[in-house]
Amino acid sequence: MHEYSLARRIAETAAQYANGAKVNSVSLLVGEDSGVLAESVKLYFDLIAAGTVCENAKIEIETVKPMLRCKACGALFARKPFSFACPCGGEGLPTDIGREFYIKSIEVET
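Residues numbered from 1 in each chain as written. Predicted model: local features only at pLDDT ≥ 70, side-chain atom pairs only at ≥ 80, totals over all residues. Heavy atoms only, no water.

Draft legend 1. Spotlight on the sheet that holds strand 6 (residues 101-108). Strand order in the open sheet formed by 3 strands is 2-1-6, with mixed pairing between adjacent strands. The sheet is open, and its two borders are formed by strand 2 (58-64) and strand 6, each paired with just one other strand. Between one strand and the next, the sheet's axes are offset by a mean angle of 15°, whatever the strand orientation. (Pairing = 2+ DSSP bridges. Helix = DSSP H or I, 4+ residues; strand = E, 2+ residues; numbered from the N terminus. Axes fitted to C-alpha atoms, helices over the stretch in contact; angles between N-to-C directions.)

Draft legend 2. Layout of helix 1 (residues 2-18). Under the 1.5 Å per step criterion, the end-to-end length of helix 1 is 24 Å for 17 residues, consistent within 8% with the ideal 24 Å. Where helix 1 is concerned, the buried positions are Glu3, Ala7, Ile10, Ala11, Ala14 and Ala18. Along the axis of helix 1, the buried positions cluster into a sector of 95°, meaning they face one direction only. The inward-facing, buried residues of helix 1 contact strand 1 (23-31), helix 2 (38-49) and strand 6. Remark: Asn19 follows helix 1 within two positions and exhibits a positive phi of approximately 50°. (Expected span 1.5 Å × (residues − 1). Buried < 20%, exposed > 50% of the residue type's maximum accessible area, 1.4 Å probe, protein only. Arc of directions from axis to C-beta. Contact = heavy atoms within 4.5 Å.)

Draft legend 3. Local environment of the pairing of strand 3 (residues 67-70). Burial of strand 3 is one-sided: the residues Leu68 and Cys70 facing one way are buried, the residues Met67 and Arg69 facing the other way are not. Pairing geometry for strand 3 and strand 4 (residues 76-78), over 3 bridges, is antiparallel. Paired with Leu68 across the strands is Phe77, a residue of strand 4. Connecting strand 3 to the next strand, strand 4, in antiparallel fashion are 5 residues, including Gly74 with a positive phi near 80°. Of the pairings in the sheet, the one linking strand 3 to strand 5 (residues 92-94) comprises 3 bridges and is antiparallel in character. Each residue of the ladder has a partner; that of Leu68, found in strand 5, is Pro94.

Draft legend 4. Representation of the packing of aromatic side chains. Applying the stated criterion across every chain, the model contains 1 aromatic pair. Consider the rings of Tyr4 and Tyr44, whose centres lie 5.5 Å apart with planes at 85°: the pair is edge-to-face. Of this pair, Tyr4 sits in helix 1 while Tyr44 sits in helix 2, and the two are 40 residues apart along the sequence. In this structure Tyr4 comes out as partly exposed when scored by relative accessible area, which is 33%. (Phe/Tyr/Trp six-rings, centres within 6.5 Å; stacked < 30°, edge-to-face > 60°.)

Draft legend 5. Structural context of the nonpolar core. Of all hydrophobic cores here, the largest spans 18 residues; its most connected members are Val23, Val26, Leu28 and Phe45. Of all the secondary-structure elements, those providing two or more residues to this core are helix 1, strand 1 and helix 2. For this core, the leading source of residues is helix 1, giving 5 residues. Beyond its immediate chain neighbours, meaning those up to four positions away, Leu28 contacts Ile10, Val41, Ile59, Glu60, Ile61, Glu62, Tyr102, Ile103 and Lys104. (Core = buried A, V, L, I, M, F, W, Y, C linked by side-chain atoms within 4.5 Å.)

Nothing here speaks to function; it is all geometry.
What follows is the structure in structure tokens.
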């Protein structure tokens, strides 16, 4: 249920940024390993935004796939299910790529 709190904070941030103007859209970057259910954020945002400058604002979500970094060659690569193997044969280590969650942009009516 933490998506409700996140959606509320996104709406508050967008409204503050808009400074009284109508918010047309909010673009989010959500990593697949962030622990955030993007569709729940959308649902809660629509409920929270009702009656505010964010009402009817479109939520655009860009997802980021998790990446591993190879200990042997240093390359970044997407993890295959049940494997940490790099295409070079080395072993991959987790990175922060895929754990992101932030507002990428806010579009307001001028």
